[in-house]
Amino acid sequence: MTNYSKIYKNTLEALKDIPDNASIMIDGFGAGPGGTPQNLIKGLMEIGSKDLTIIGNTAGITMATGIGIKEGSNDIDISILIDNKQVKKIIASYPVAPSSSILTSFEKAFNENEIELELVPQGTLAERIRAGGAGIPAFYTPTGVKTELANNKESRIINNKEYILEYALKADYALLKSHKSDKIGNLIYKGTSRNFNAVMASAANITIVESEIILETGEIDPHHIHTPAIYINRIVKSYE
């Protein structure tokens, strides 16, 4: 890797320093490969880091449900990390399958008391991550008031309405997926991958992205950049 490039030769090289007990934000939205850094997830499984805290929208539902999986593909999600006994805690909005007749890897592990869950409403999750990246330590929200999600949380009445206090989320690492990147890490996302990628990029100490297309620096129109290079530390080429 040169001083003018953040490109790493492969996923294992980009991930090799992730230690046990790390907190990791992993992009992805619902089921299917859109925005999911599948190659980085596979690499993380090979690295074998244990007792991880994973922060993401789901706890892995693609592999259990088959939703979004193309015929003949090798689509995977964080379920492989759970199956490999690498995850101690999940912070997510949608940790279970859409059907009660289907058990995901997370649900099986949770039922066996092998993994912890912190359930967070989706909008609150996005805002907690955004706040972490913006240096905002906490915020008040009406979401979850008078539900189990408000248990043991500070609340305040503001303008005659009750709000609960939510704390920002940051992570040691973020694993993201982009459609295009240049060699210094300016990113463009595609379709549904514009979900948690952008907010996660700014909320981690080290942000690693796999990109479908890698361009020379300067080839991306500045007006089209979704995440600027300042937030990106490492880049690897995505492969099928």
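Residues numbered from 1 in each chain as written. Predicted model: local features only at pLDDT ≥ 70, side-chain atom pairs only at ≥ 80, totals over all residues. Heavy atoms only, no water.

### A look at unusual backbone geometry
Put simply, the rule is: Numbering of helices and strands runs from the N terminus, with a helix taken as a DSSP run of H or I at least four residues long and a strand as a DSSP run of E at least two residues long. Only protein chains enter the area calculation, which uses a 1.4 Å probe; residues under 20% of their type maximum are buried, those over 50% are exposed, and those in between are partly exposed.
Despite not being glycine, asparagine 21 has its phi angle at roughly 70 degrees, a positive value. Relative to the helices and strands, asparagine 21 resides in the loop between helix H1 (11-15) and strand E1 (23-26). Exposure remark for asparagine 21: the relative accessible area of 47% places this residue in the partly exposed category.

### Let's talk about helix H6 (residues 122-134)
Test applied: The span expected for a helix works out to 1.5 Å for each residue beyond the first. This arc is taken over the directions from the axis of the helix to the C-beta atoms.
With 13 residues, H6 ought to run about 18 Å at 1.5 Å a step, and its terminal C-alpha atoms sit 18 Å apart, in line with that. Within H6, the full set of buried residues consists of Thr124, Leu125, Arg128, Ile129, Ala131 and Gly132. Along H6, the residues classed as buried sweep out an arc of 160 degrees about the axis, all on the same side. Two residues or fewer past H6, glycine 135 is found with a positive phi of approximately 80 degrees.

### Thoughts on the pairing of strand E5 (residues 138-141)
Note the threshold: The pairing criterion is simple: DSSP has to find at least two bridges between the two strands.
Burial of the side chains of E5 is restricted to one face: Phe139 and Thr141 are buried, whereas none of Ala138 and Tyr140 on the reverse face is. Pairing between E5 and strand E7 (residues 161-167): 4 bridges, direction antiparallel. In the sheet register, phenylalanine 139 faces E7, and the bridge partner there is glutamate 166.

### What to know about the side chain of serine 193
For clarity, the cut-off: The definition of a polar contact used here is a pair of N or O atoms within 3.5 Å, where within protein one atom must be able to donate a hydrogen and the other to accept one, and adjacent residues in sequence count solely through side-chain atom pairs.
Considering the arrangement of structural elements, one finds serine 193 in the loop between strand E9 (187-188) and helix H7 (197-202). Among the polar contacts made by the side chain of serine 193, one reaches the main-chain carbonyl oxygen of lysine 190 at a distance of 2.6 Å.

### Focus on the sheet that holds strand E6 (residues 155-158)
For the record, the criterion: To define axes, lines are fitted to C-alpha atoms, for helices over the stretch in contact only, and angles between the resulting N-to-C directions are given on a 0 to 180 degree scale. In this description, contact between two residues means that some pair of their heavy atoms is separated by no more than 4.5 Å.
Across the sheet, 3 strands lie side by side as E5-E7-E6; this open sheet has antiparallel pairing. Either end of the sheet is taken by a strand with one partner, and the two such strands are E5 and E6. Averaged over all pairs of adjacent strands, the angle between strand axes in this sheet comes to 35 degrees, irrespective of strand direction. Across the face of the sheet, H6 comes into contact with E5 and E7 while running at roughly 155 degrees to E5.

### Digging into the nonpolar core
So the rule is basically this: Take the buried Ala, Val, Leu, Ile, Met, Phe, Trp, Tyr and Cys residues and link them wherever side-chain atoms come within 4.5 Å; each set so joined is a nonpolar core.
Ranked by internal contacts, the top residues of the largest apolar core, which has 29 residues, are Ile24 and Ile90. If near-sequence neighbours (up to four positions away) are discounted, isoleucine 90 is found in contact with Ile54, Ala59, Ile78, Ile82, Phe106, Ile115, Glu116, Leu117 and Glu118. Grouped together as the second largest cluster of nonpolar side chains are 21 residues, Met25, Phe196, Val199 and Ala203 included.

### Focus: helix H2 (residues 38-47)
Think of an α-helix as 3.6 residues a turn; residues three or four steps apart then line up on the same face. Taken as a whole, H2 has its buried residues at Gln38, Asn39, Leu40, Ile41, Gly43 and Leu44. Two residues or fewer past H2, glycine 48 is found with a positive phi of approximately 85 degrees.

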